[in-house]
Amino acid sequence: MKRLRLGVLASGRGSNLGAILERSLNGSIDVEVVVVISDVEDAAALDRARAADVPALFIPPGDYRTRLTREAEAAYLEALEHHSVDVVALAGFMRILHDSFLERYAGRIVNIHPSLLPSFPGLHAQRQAFEYGVRWSGCTVHFVDAGVDRGPIILQKAVPVLPHDTADTLAARILEQEHEAYPEALQLIAEGRVRIDGRRVITLPPAPQGPGEAT
Ligand code: GRF
């Protein structure tokens, strides 16, 4: 099977990138991380990419606080195209993307969020959920559209809130599930099993194996 060429955008520690890289390098997902781009020059995510021999680029975001400037966006798109990226994965990327970026990769940008969306979008989702007092939270992998944490949902994993949890212990257990959910969702996309149908995502069954194919 042709491997999915993945471009990852990350601003921070890059643990989700690390989980994707690990599965990619050990061959358990049909995904190749072909470039990692950060808006933060010393992001640990870039170190993780370099350690895995994946091109790691710092591209300055420009002067805006929460978005990329038009010039920066053009540079991001050029780098993604240079590496022939099929799908863009946001992994702790702290910038909102413009419509022109979203249109260029329509239906091919995914994100992970540490709550069961549509509950608790935005920053500090784990703490929001903890303070609200929910009994379950979790994580969501979804397509990216013009809204914040709002696009069609590919998969979710639920995590119980335990009696002795703090916001931090809950966040740590959600993160463990993120590291399962993101590679799993990317594998579904790599297998061509994900269709967007309005707000809903249809997950198709695995293709039947042909005669002589390894099990
Ligand atoms: C994760 O909690 C992810 O859900 C959110 O940002 C955090 C990134 O963590 N979007 P890491 O950089 O992947 O460790």
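The coordinates are above.
Computed from a prediction, not measured in an experiment: that's the story for all the values here. (Residues numbered from 1 in each chain as written. Predicted model: local features only at pLDDT ≥ 70, side-chain atom pairs only at ≥ 80, totals over all residues. Heavy atoms only, no water.)

**Concerning the site of the ligand**
Taken together, Arg13, Gly14, Ser15, Asn16, Gly92, Ile112, His113, Pro114 and Glu178 make up the full set of residues adjacent to the ligand. Interatomic distance of 2.8 Å between a backbone N/O atom of Gly14 and an oxygen atom of the ligand. Taking 370 Å² as the accessible area of the ligand by itself, protein coverage stands at 85%. At the level of secondary structure, the elements contributing two or more residues to the shell around the ligand comprise α1 (15-25) and β5 (109-113). Counted by class, the shell around the ligand contains 2 nonpolar, 5 polar and 2 charged residues. Residues lining the shell around the ligand come from more than one domain, with at least three contributed by each of domain 1 (1-106) and domain 2 (111-208). (Near = heavy atom within 4 Å. Polar contact = N/O pair within 3.5 Å; in protein donor to acceptor, adjacent residues only side chain to side chain. Areas by Shrake-Rupley, 256 points an atom, 1.4 Å probe, with all protein chains shown as cover. Helix = DSSP H or I, 4+ residues; strand = E, 2+ residues; numbered from the N terminus. Nonpolar A, V, L, I, M, F, W, Y, C, P; charged D, E, K, R; others polar. Domains from an automatic or database assignment.)

**A few points about helix α3 (residues 70-82)**
Counted at 1.5 Å a residue, the expected span for α3 with its 13 residues is 18 Å, and the 18 Å between its end C-alpha atoms agrees. Here the buried face of α3 lies against β1 (4-9), β2 (31-38), β3 (56-58), β4 (87-90) and α4 (99-104). Of the residues trailing α3, Ser84 is marked for its positive phi of about 50°. (Expected span 1.5 Å × (residues − 1). Contact = heavy atoms within 4.5 Å.)

**A few points about the pattern of salt bridges**
Counted by the stated rule, this structure contains 10 salt bridges. One salt bridge in this structure joins Asp39 and Arg95, with 2.9 Å as the shortest N-O distance. Highlighted residues: Asp39 in the loop between β2 and α2 (44-51) and Arg95 in the loop between β4 and α4, separated in sequence by 56 residues. (Salt bridge = Lys/Arg side-chain N within 4 Å of Asp/Glu carboxyl O.)

**Describing α1**
Of all 11 residues in α1, 8 are buried; the element is thus mostly enclosed. Turning to α1, its buried residues number three or more, namely Ser15, Asn16, Leu17, Gly18, Ala19, Ile20, Leu21 and Ser24. Its buried side turned inward, α1 meets β1, β2, α2, β5 and α6 (167-190). Of the residues flanking the end of α1, it is Gly27, one or two places downstream, whose phi is positive at about 80°. (Buried < 20%, exposed > 50% of the residue type's maximum accessible area, 1.4 Å probe, protein only.)

**Notes on unusual backbone geometry**
The phi angle of most residues is negative, glycine excepted, and most peptide bonds adopt the trans form. Backbone torsion omega between Leu117 and Pro118 reads 10°, so that peptide bond is classified as cis. You can see Pro118 is positioned in the loop between β5 and α5 (125-132). Backbone geometry places His124, a non-glycine residue, at a positive phi of 55°.

**Details of the packing of α5 against α6**
Viewed as axis vectors pointing N to C, α5 and α6 meet at an angle of 125°, and their least axial separation amounts to 9 Å. Relative to α6, the element α5 lies oblique. Relative to α6, the crossing made by α5 is right-handed. Across the interface between the two elements, Gln126, Arg127 and Phe130 of α5 pack against Ala167, Leu170, Ala171 and Ile174 of α6. Along the lines of polarity and charge, the residues of the contact of α5 with α6 split into 5 nonpolar, 1 polar and 1 charged. (Axes fitted to C-alpha atoms, helices over the stretch in contact; angles between N-to-C directions. Parallel < 35°, antiparallel > 145°, perpendicular 65-115°, else oblique. Left-handed = near helix turned anticlockwise from the far one by under 90°.)

**Some words on the nonpolar core**
Formed by 40 residues in total, the largest nonpolar core has its most connected members in Leu6, Val33, Val110, Ile154 and Tyr182. If one sorts the elements of this core by residue count, α6 sits on top with 9 residues. A domain-level breakdown of this core finds at least three residues from each of domain 1 (1-106) and domain 2 (111-208). One finds Leu9, Ile59, Val85 and Leu97 within the second-largest nonpolar core, a separate group that totals 21 residues. (Core = buried A, V, L, I, M, F, W, Y, C linked by side-chain atoms within 4.5 Å.)

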